[in-house]
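Residue-level listing of the chains:
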Amino acid sequence: MKDNREALRPYIADMAAVEKHILEALERQRNDDDIKQFPEAFQLVGRIEAVLRRHVQELESHVQGFPGGGVATTLKEAVTGILGAVAGVYDKVRKDTASRALRDDYTALSLAAVSYTMLHATALGLNQGMTAQIALSNLKDLTPLIVELSQVIPPVVVKELTFEGYPIEPGVGQQAARNTQEAWSRENVGTPTGAGTAYAGSGGSFSH
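Residues numbered from 1 in each chain as written. Predicted model: local features only at pLDDT ≥ 70, side-chain atom pairs only at ≥ 80, totals over all residues. Heavy atoms only, no water.

**Some points on the overall build of the protein chain**
Counting its regular elements, the protein chain contains nine helices and two strands. Burial analysis of the protein chain (208 residues in total) assigns 40% to the buried set. By sequence separation, contacts in the protein chain at least 24 residues apart represent 74% of the contacts at least 6 residues apart. Total accessible area on the protein chain stands at roughly 11,300 Å², and carbon and sulfur atoms take up 56% of it. (Helix = DSSP H or I, 4+ residues; strand = E, 2+ residues; numbered from the N terminus. Buried < 20%, exposed > 50% of the residue type's maximum accessible area, 1.4 Å probe, protein only. Contact = heavy atoms within 4.5 Å. Areas by Shrake-Rupley, 256 points an atom, 1.4 Å probe, with all protein chains shown as cover.)

If you want it as structure tokens, here you go:
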């Protein structure tokens, strides 16, 4: 019979590797003068960094209890596909504007979020309730940060246009943020299929 915990271990390591890679990009951004021109964006990057650092520590601690080796061994087995996808989001050589850096963060966090969604489903399927709970909790940490990024990016884009000398009417950045947030409203997206369904696994039940 297959060992469920052994099967799950590489996926946990994968998530730790992904968030570590995003962390490295965020650390570079915090030292970027372009980001520092936008205090709200700069503070958000710092908060995201703190959340991801906590996630990585939690994942690394959690995987220690799995059979087959410690963190170093497990990370070597991390699935390379998703890590390559995150690496493709960030270009260490490219010097980009603040808005594009934030766009990259949005893309990377969205990839991490759907990966946590998959990890949660995998853990439930393998009857590993603790891992499922960690994945769901970390996903809930990321989703409001992704939404906040989507709110911060439009004013940054518009402000950068003013830096380039374009005449921009006051309040356009905030208007753009309001307009684009409507795309995520319940009226536009409707009620997700299966909303309110409870999921049960060893170690507890989970609902969304």
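**Looking at the packing of helix α1 (residues 4–30) against helix α6 (residues 98–125)**
The N-to-C vectors of α1 and α6 enclose an angle of 165°; their axes lie 11 Å apart at closest approach. Between α1 and α6, the angle is such that the two are roughly antiparallel. Our pair here, α1 against α6, has a crossing hand that is left-handed. From α1, L8, Y11, I12, M15, V18, E19, I22, L26 and Q29 reach across to α6, where they touch A101, D105, A108, L109, A112, S115, Y116, L119, T122 and A123. A breakdown of the residues in the contact of α1 with α6 according to their chemical character gives 14 nonpolar, three polar and two charged. (Axes fitted to C-alpha atoms, helices over the stretch in contact; angles between N-to-C directions. Parallel < 35°, antiparallel > 145°, perpendicular 65-115°, else oblique. Left-handed = near helix turned anticlockwise from the far one by under 90°. Nonpolar A, V, L, I, M, F, W, Y, C, P; charged D, E, K, R; others polar.)

**Concerning a nonpolar patch on the surface**
On the surface, V157, L161 and Y166 cluster together to form a nonpolar patch covering roughly 250 Å² of accessible area. Inspection of the secondary structure assignment puts V157 in helix α7 (residues 129–163). Taking relative accessible area as the criterion, V157 reaches 35% and is therefore assigned partly exposed. (Patch = residues over 30% accessible without salt bridge, like charges linked within 9 Å, V, L, I, M, F, W, Y side chains within 5 Å. Salt bridge = Lys/Arg side-chain N within 4 Å of Asp/Glu carboxyl O.)

**Focus: the environment of A41**
Among the structural elements, A41 can be located in helix α3 (residues 39–63). C-alpha separation for the pair A41 and R30, spaced eleven residues apart in sequence, amounts to 10.0 Å. Those residues in contact with A41 that sit more than four places away from it in its chain are L102, V152 and V156.

**Considerations on the environment of S150**
Relative to the elements of secondary structure, S150 occurs in helix α7. For S150, a relative accessible area of 14% puts it in the buried group. Taking C-alpha positions, S150 is 7.7 Å from Q181, a pair spaced 31 residues apart along the chain. Beyond its immediate chain neighbours, meaning those up to four positions away, S150 contacts Y106 and Q181. Here Q181 takes part through its side chain, which lies 2.7 Å from a polar atom of the side chain of S150. (Polar contact = N/O pair within 3.5 Å; in protein donor to acceptor, adjacent residues only side chain to side chain.)

**Focus on the pattern of salt bridges**
Across all of its chains, the model carries eight salt bridges by this definition. In this structure, R47 engages E148 in a salt bridge whose closest nitrogen and oxygen atoms are separated by 2.4 Å. Of this pair, R47 sits in helix α3 while E148 is found in helix α7, placing the two residues 101 residues apart along the sequence. Overall, the relative accessible area of 39% leaves R47 in the partly exposed class.

**Considerations on the nonpolar core**
Formed by 48 residues in total, the largest nonpolar core has its most connected members in I22, I48, L52, L102, L109 and Y116. Only α1, α3, α5 (80–89), α6 and α7 provide two or more residues apiece to this core. Sequence-distant contacts of Y116, that is, excluding residues within four places in its chain, are made with M15, E19, H55, L59, A135, N138, L139 and L142. (Core = buried A, V, L, I, M, F, W, Y, C linked by side-chain atoms within 4.5 Å.)

**Some details on the packing of α3 against α7**
Viewed as axis vectors pointing N to C, α3 and α7 meet at an angle of 165°, and their least axial separation amounts to 11 Å. The orientation of α3 relative to α7 falls into the category roughly antiparallel. The handedness of the crossing between α3 and α7 comes out as left-handed. Taking contact as the criterion, the partners of E40, A41, L44, R47, I48, V51, L52, R54, H55, E58, L59 and H62 in α3 are, on α7, M130, T131, I134, N138, D141, L142, L145, E148, L149, V152 and V156.

**Topic: the confidence of the model for the protein chain**
With 79% of its residues at a pLDDT of 70 or more, the protein chain shows a mean pLDDT of 85. Taken together, the stretch residues 73–79 has pLDDT below 50 and engages in 17 contacts with residues farther than four places along the chain or on a different chain. Note that pLDDT drops below 50 for residues 197–208; the model gives that stretch 27 contacts with residues more than four away or on any other chain. (pLDDT = per-residue confidence, 0-100.)

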